[in-house]
Amino acid sequence: IWGSSFLFMRLAGPELGAAPLAWLRVTVAAAFLGALLLARREAPDLAGRWRPMALMGLTNTAAPFLLLTWATVQLSAGYGALLNATTPLWGALLGTRFFGLQAGRALLGGLLLGFLGVALLVVGKLDELGPRAVLPVLAGLLATACYGHAAHFARSGFPGLGPLGLAFGSQLLASLWLAPAAFATWPAQAPSPLAWASVAVLGIVCTALAYLIYFGLIRRIGPTRATTVTYLAPVFGVGWGVGLLGEPLTLPMLLGGAVVLAGVAVAARPAR
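Conventions we followed
Residues numbered from 1 in each chain as written. Predicted model: local features only at pLDDT ≥ 70, side-chain atom pairs only at ≥ 80, totals over all residues. Heavy atoms only, no water. Helix = DSSP H or I, 4+ residues; strand = E, 2+ residues; numbered from the N terminus. Expected span 1.5 Å × (residues − 1). Buried < 20%, exposed > 50% of the residue type's maximum accessible area, 1.4 Å probe, protein only. Contact = heavy atoms within 4.5 Å. Phe/Tyr/Trp six-rings, centres within 6.5 Å; stacked < 30°, edge-to-face > 60°. Patch = residues over 30% accessible without salt bridge, like charges linked within 9 Å, V, L, I, M, F, W, Y side chains within 5 Å. Areas by Shrake-Rupley, 256 points an atom, 1.4 Å probe, with all protein chains shown as cover. Salt bridge = Lys/Arg side-chain N within 4 Å of Asp/Glu carboxyl O.

Draft legend 1. Summary view of helix H5 (residues 87-98). Over its 12 residues, H5 extends 16 Å from the first C-alpha to the last, a length consistent with the 16 Å expected when each residue adds 1.5 Å. The complete set of buried residues in H5 reads Thr 87, Pro 88, Leu 89, Gly 91, Ala 92, Leu 94 and Gly 95. Those residues of H5 hidden inside the fold are in contact with helix H4 (77-84), helix H6 (105-129), helix H7 (134-156) and helix H10 (223-227). Looking at the residues trailing H5, positive phi occurs at Gly 100, about 70°.

What follows is the structure, given as structure tokens:
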């Protein structure tokens, strides 16, 4: 699901722009999750949580969605997915520095192996695109650093709040964060039906449903192991880009994808 999100960002981003697309994505997700809460007759316990929820909405959704959308529009769907795969590395580094994470050798080895695979993928793209790739690359890395922080904060900052309430609250606050930039850069020309369809899939499937799964995973196996799923995003992201957008498939992509999968296997091994 997350691998396909870069495909839909690449389809809708050039028409809508980074900020409007990111805002529409989280607003659709918040509306869908709110409707789900109403259907289940649940009321998320957000009282007294608005400040941490505002930080969660910024670091887990608003900032990374905006940065990754812009990077993907500037580069390619596959390359945006490659940048996203650095999330577990940031999660491990920030978790060790700020959240008291004690990482074992297998986990650290898997993370480093996965990052080596990402490096192989990235080097090939930098050789292809040259200096114009630098700013989008930095934007993508800043986005994944936000993801790494948010994964730990989601587990430690919201005791007693279930995945549905956390997903709804974070998307609602992200919508508020992104609204000023979205309306300031709203496109003058009406988007195509394909762009609107991409927005719907991004909001409902790639955001609302994906975060329900992800936040539940964080509670069950912890933030560091949960973020290793993003190592799979470049493999699927490149696949979607090649199959549906005609993006090139190179030897560095194939080699890097294999090393990424090896890193996932090592990092996800259960502790003895």
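Alright, that's what it looks like, and here's the rest.
Draft legend 2. Inspection of the packing of aromatic side chains at higher detail. For the coordinates displayed, the defined rule picks out 10 aromatic pairs. Here Trp 2 and Tyr 211 contribute two aromatic rings whose centre-to-centre distance is 5.8 Å and whose plane-to-plane angle is 70°, an arrangement assigned as edge-to-face. Residue Trp 2 is found in helix H1 (residues 2-16), and its partner Tyr 211 is found in helix H9 (residues 193-221); the two are separated by 209 residues along the sequence. A single burial state applies to Trp 2 and to Tyr 211, both of which are buried. The interplanar angle of 20° and the centroid separation of 6.3 Å between the aromatic rings of Phe 65 and Tyr 211 together place this pair among those described as stacked. Here Phe 65 is found in helix H3 (residues 50-74), whereas its partner Tyr 211 is found in helix H9, with 146 residues between them in sequence. Put simply, the rings of Trp 2, Phe 65, Tyr 211, Tyr 214 and Phe 215 touch in pairs and so form one group of aromatic residues.

Draft legend 3. Just a nonpolar patch on the surface, in detail. Together, Leu 116, Leu 120, Leu 249, Leu 251, Leu 254 and Leu 255 give the surface a local cluster of nonpolar side chains, amounting to about 580 Å² of exposed area. Contributions of two or more residues to the nonpolar patch are made by H6 and helix H12 (251-267). Top contributing element to the nonpolar patch by residue count: H12, with 3 residues. Tracing the backbone shows Leu 249 in the loop between helix H11 (233-245) and H12.

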